[in-house]
Amino acid sequence: MAGKLLLQIKSPTNRISRNTAFSQALVKFQSFYSVPESYSLISCNSKTTSYVKDERLDFEFSINVYELRNPYFVNRVVSSCAKLGSLYLARQVHSTIIKLGFSSNVFIGSALVDMYCKCGTIIDARRLFDEIPEKNVVTWNSLFSGYCHLRFCDSAVELFTKMRKVGLYLTPSTISTILGLCSQSDLGELGVQVHGLGIKTGNCSNVVTGTTLIDMYAKCFSVEESRKVFDQMPEKNMITWSSMVSVYAQSHQPDEAIILVKEMRSLGVTINQVTYNSLLSSFSSVKYLDCGKQVHGRVIREGLESNKYLVATLLTMYSECESSEDFYKMCPTISIDDQISWNSVIAGFSHLGNGKEVLGWFIRMRQACIHIDLFTLSNVLRATGILSAVNEGKQIHALINKTGYASDVYVQNALVSMYSRCGAIVDSKQVFSLIKEPDVVSWNSLISGYAHNGYGEEAVELFEKMRAIGIKPDHTTFLSVLSACSHVGNLEKGVQYFDLMRRGNSSEHPSLEHYACMVDLFSRAGHLEEAESFIKSMPIVPGPSVYKALLSACRFHGNVDIAIRSAKSLLELCPNDPATYVMLSSILAQGGHWVDAADVRSLMRERAVENNPGCSWIEVSKE
């Protein structure tokens, strides 16, 4: 076998000797030891042997220099360096190649360009590319792939245009690579042009290119355009089908995803864990709980229940479908050393509103020495806010500072929201002030915090400041500022902002929640007749939240007539809601209609509607 080497890895507790090919040895070394990016290598060359040594890791290997004169073996060495991603090792190998006289070999040169791209030094890759006298399509594709992978969009498009000008034959790999860049960077118009070019050059019949087109059209245009590409593909493989299922899942169209998977089964297309994972991720409401259980059954029958990604998705699915019983059953199945599963459990309990369980699992996760990430911290902070446990929240904040995540905008947003939920609005504002570039979520978190803690005027001022600096408000922003206007009774501003959504240049359109906020705004201001008229003029069907807002105001203002009409509409929507009966009975009794109030209580008993007792809690001396 060409390229024999003796690899010796020495450590205080282990000594391994392997006699294998150089490229295989490097990969095995990487699998045995996690080599830091900053490690230092020392090369010593003799006439017959080349040594590479790392003093800190006590690692060394030797290569017979005569074996390195085989270009095929050298190419394998370069490819292995690319897989390792070590810049230091890459430069040593490159210098050795120059000494051996292989720098003019186009195949080795192409591999070196690819190696530097994968090591993250695109400047070195470009310099080497320019020095190669005769380039082939592989050389061009190596640099082009590097630009696309690192998302240097302008450089990638420029190089692609140059490839066309020099008359280079475009391979399916070239087309797929630039389509991938278009989908990741929202360059839809360029993607359409590349699609046309692919049709002309005959590359779009390739299954890999077609699969990339499906993803590009879904992300840059619409699911319908993506489906057109899927239907027109002459050949589809398992990855193509799974990609289309994933598109439907990401666009929240579970029914279409189910139909597609059924079609896969009828055509005999293999369904793997990726397909099941995409399908399960589309089930995010109680409506699809039964579908999720059926897919879970298929996963078990096919022996995939131990797959950690499927376990994580199943946990997420059951929590989003509000099936706490099934979620609890899944928890014992997680791997004790798997970060993904731990994060899924914590996120699931957080979604179910069980903050106590979140903190308990987080403590066990820390005790098990499982690495925590942004996802873990965001969900733990959310649970802390649900519990209003400000002391625990501050401890987690300190942990965030120690672990180096304090500058991450997602964690900062979670901190702003957590302090707001705990009523610590000063701390919330302080964290917000430290965010270098606040996004719309950052602003929403603070505006919502002001609104829920009774600082309505400050919330309105913050909303105006947000608009003034060019941050575009979204659905949540308008909901928070309308709630703030309602709390302080600022009817004029509330109507103005609602009209901005409905008739202004905002891309957001009022939802049922916004209409309920407006009814609450009119009602709190004492304009009950206007609130009732507003409900009648709604372009969408009023939901329970709308009538509950009006009914609650009728109790405060003592308007029995409107209360009776509101309660009647509400009972048609929610006949088993105990709060409606209790509130109507209280309004009637408050107005002196004792007989009617008693009749409402009797009707509640006849229908076997039970009033769930409420509870409140506070923390005293950490108890």
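Criteria and thresholds
Residues numbered from 1 in each chain as written. Predicted model: local features only at pLDDT ≥ 70, side-chain atom pairs only at ≥ 80, totals over all residues. Heavy atoms only, no water. Helix = DSSP H or I, 4+ residues; strand = E, 2+ residues; numbered from the N terminus. Contact = heavy atoms within 4.5 Å. Areas by Shrake-Rupley, 256 points an atom, 1.4 Å probe, with all protein chains shown as cover. Axes fitted to C-alpha atoms, helices over the stretch in contact; angles between N-to-C directions. Parallel < 35°, antiparallel > 145°, perpendicular 65-115°, else oblique. Left-handed = near helix turned anticlockwise from the far one by under 90°. Nonpolar A, V, L, I, M, F, W, Y, C, P; charged D, E, K, R; others polar. Salt bridge = Lys/Arg side-chain N within 4 Å of Asp/Glu carboxyl O. Buried < 20%, exposed > 50% of the residue type's maximum accessible area, 1.4 Å probe, protein only. UniProt positions renumbered as here; feature names shortened; annotations may be inferred. Expected span 1.5 Å × (residues − 1). Polar contact = N/O pair within 3.5 Å; in protein donor to acceptor, adjacent residues only side chain to side chain. Core = buried A, V, L, I, M, F, W, Y, C linked by side-chain atoms within 4.5 Å. pLDDT = per-residue confidence, 0-100. Phe/Tyr/Trp six-rings, centres within 6.5 Å; stacked < 30°, edge-to-face > 60°. Lys NZ or Arg CZ within 6 Å of the ring centre and 35° of its normal.

Visitor: Is there a simple way to think about the overall build of the protein in this case?
Guide: The number of helices and strands found in the protein is 33 helices and five strands. For the protein, contacts bridging at least 24 residues in sequence account for 56% of all contacts bridging at least 6. Of the roughly 31900 Å² of accessible surface on the protein, 52% is carried by carbon and sulfur atoms.

Visitor: I would appreciate a short explanation of the packing of helix H27 (residues 491-502) against helix H28 (residues 512-524) in the present structure.
Guide: Two numbers describe a pair of packed helices, the interaxial angle and the distance between the axes. At a closest axis distance of 10 Å, the pairing of H27 and H28 adopts a crossing angle of 160°. Classed by the angle they form, the pair H27 and H28 counts as roughly antiparallel. In this structure, H27 crosses over H28, and the sense of that crossing is left-handed. Residue-level contacts link Leu 491, Gly 494, Val 495, Phe 498 and Met 501 of H27 to His 514, Tyr 515, Met 518, Leu 521 and Phe 522 of H28. In the contact of H27 with H28, the residues fall into eight nonpolar, two polar and no charged.

Visitor: Would you mind going over the pattern of salt bridges with me for this structure?
Guide: Two side chains carrying opposite charge are able to pair once their charged atoms lie near each other. Inspection of the entire model under this criterion finds 15 salt bridges. The residue Asp 326 makes a salt bridge to Lys 293 at a minimum N-O spacing of 3.3 Å. Here Asp 326, found in helix H17 (residues 324-330), pairs with Lys 293, found in helix H15 (residues 289-301); they are 33 residues apart in sequence, far enough to count as distant. Judged by its relative accessible area of 37%, Lys 293 is partly exposed. When the shortest N-O distance is used, the salt bridge between Arg 565 and Glu 532 registers 2.8 Å. With a gap of 33 residues between them, Arg 565 in helix H31 (residues 560-573) and Glu 532 in helix H29 (residues 528-536) connect regions that are remote in the sequence. Arg 565 gets classed as partly exposed once you look at its relative accessible area, which sits at 42%. Ionic contacts of the salt-bridge type, sharing partners, join the residues Arg 91, Asp 124 and Arg 127 into one network.

Visitor: Would you mind going over the UniProt feature "repeat: PPR" (unreviewed entry) in the protein with me for this structure?
Guide: Taking the UniProt record as the reference, the feature "repeat: PPR" (unreviewed entry) is found at residues 136-170, 237-271, 272-306 and 439-473. Secondary structure across residues 136-170 divides into 74% helix and 0% strand, with the first and last C-alpha atoms of the span separated by 11 Å. Span residues 439-473 is 74% helix and 0% strand, its end C-alpha atoms 10 Å apart.

Visitor: Would you mind showing me how to read helix H6 (residues 137-149) here?
Guide: Structural remark: α-helix, 3.6 residues per turn; residues separated by three or four positions point the same way. With 13 residues, H6 ought to run about 18 Å at 1.5 Å a step, and its terminal C-alpha atoms sit 18 Å apart, in line with that. Along H6, the residues classified as buried are Thr 139, Trp 140, Asn 141, Ser 142, Leu 143, Phe 144, Gly 146, Tyr 147 and Cys 148. For H6, the elements touching its buried residues are helix H4 (106-118), helix H5 (122-131), helix H7 (153-165) and helix H8 (172-185). For H6, the N-terminal capping position is held by Asn 136, with its side-chain oxygen 3.2 Å away from the main-chain nitrogen of Val 138. Backbone geometry just after H6 places Arg 151 at a positive phi near 60°.

Visitor: Please explain the side chain of Thr 121 as it appears in this structure.
Guide: Tracing the sequence through the fold places Thr 121 in the loop between H4 and H5. With near-sequence residues (within four places) excluded, Thr 121 lies in contact with Leu 87 and Tyr 116.

Visitor: I tried to follow helix H2 (residues 71-84) on my own but got confused; where do I start?
Guide: Taking 1.5 Å per residue, 14 residues should reach 20 Å; H2 reaches 20 Å between its end C-alpha atoms and fits that length. Phe 73, Val 74, Val 77, Val 78, Ser 80, Cys 81, Ala 82 and Leu 84 are the residues of H2 that are buried. Of the residues trailing H2, Gly 85 is marked for its positive phi of about 70°.

Visitor: Got a minute to help me understand the nonpolar core in this structure?
Guide: Note on soluble globular proteins: their nonpolar side chains tend to be buried together. Core analysis: the largest hydrophobic core is formed by 172 residues, its most contacted members being Met 115, Leu 143 and Phe 283. Beyond its immediate stretch of four places on either side in the chain, Met 115 contacts Val 78, Cys 81, Ala 82 and Ala 90.

Visitor: Looking at this model, I keep getting lost on the confidence of the model for the protein. Mind explaining?
Guide: In regions of low pLDDT, the predicted coordinates are not meant to be interpreted in detail. On average, the protein scores 81 in pLDDT, and the residues at 70 or more come to 86%. Ignoring residues within four places in sequence, the model shows residues 1-63, a span with pLDDT below 50, making 130 contacts including any to other chains.

Visitor: Teacher, can you tell me more about the environment of Glu 134 here?
Guide: Structurally, the position occupied by Glu 134 is in the loop between H5 and H6. Between the C-alpha atom of Glu 134 and that of Val 106, which follows or precedes it by 28 residues, the distance is 6.8 Å.

Visitor: What is the right way to read the packing of aromatic side chains from this model?
Guide: For any pair of aromatic rings, the description rests on two quantities: the centre-to-centre distance and the angle between the ring planes. Scanning all chains against the criterion turns up 18 aromatic pairs. Ring geometry for Phe 463 against Tyr 497: centres 4.7 Å apart, planes inclined by 65°, an arrangement best described as edge-to-face. Residue Phe 463 is found in helix H25 (residues 456-468), and its partner Tyr 497 is found in helix H27; the two are separated by 34 residues along the sequence. Classification of Tyr 497 by relative accessible area gives buried; the value is 1%. Look at Phe 522 and Phe 534: their rings are 5.7 Å apart centre to centre, the planes differ by 50°, and that puts the pair in the tilted class. Residue Phe 522 is found in helix H28, and its partner Phe 534 is found in helix H29; the two are separated by twelve residues along the sequence. According to the relative accessible area criterion, Phe 522 is buried, its value standing at 14%. Judged by relative accessible area, which is 11%, Phe 534 ranks as buried. Among the aromatic residues, those joined into a ring-pair cluster are Phe 327, Tyr 328, Trp 342, Phe 349 and Trp 361. Here the guanidinium or amino end of Lys 236 rests over the ring plane of Phe 230, the centre of that ring lying 5.0 Å away. A cation sits over an aromatic face here: Arg 364 above Trp 361, 4.6 Å from the ring centre.

Visitor: Please explain the environment of Tyr 88 as it appears in this structure.
Guide: Turning to its location among the elements, Tyr 88 is positioned in helix H3 (residues 87-100). Separated by 31 residues in the primary sequence, Tyr 88 and Cys 119 place their C-alpha atoms 9.4 Å from one another.

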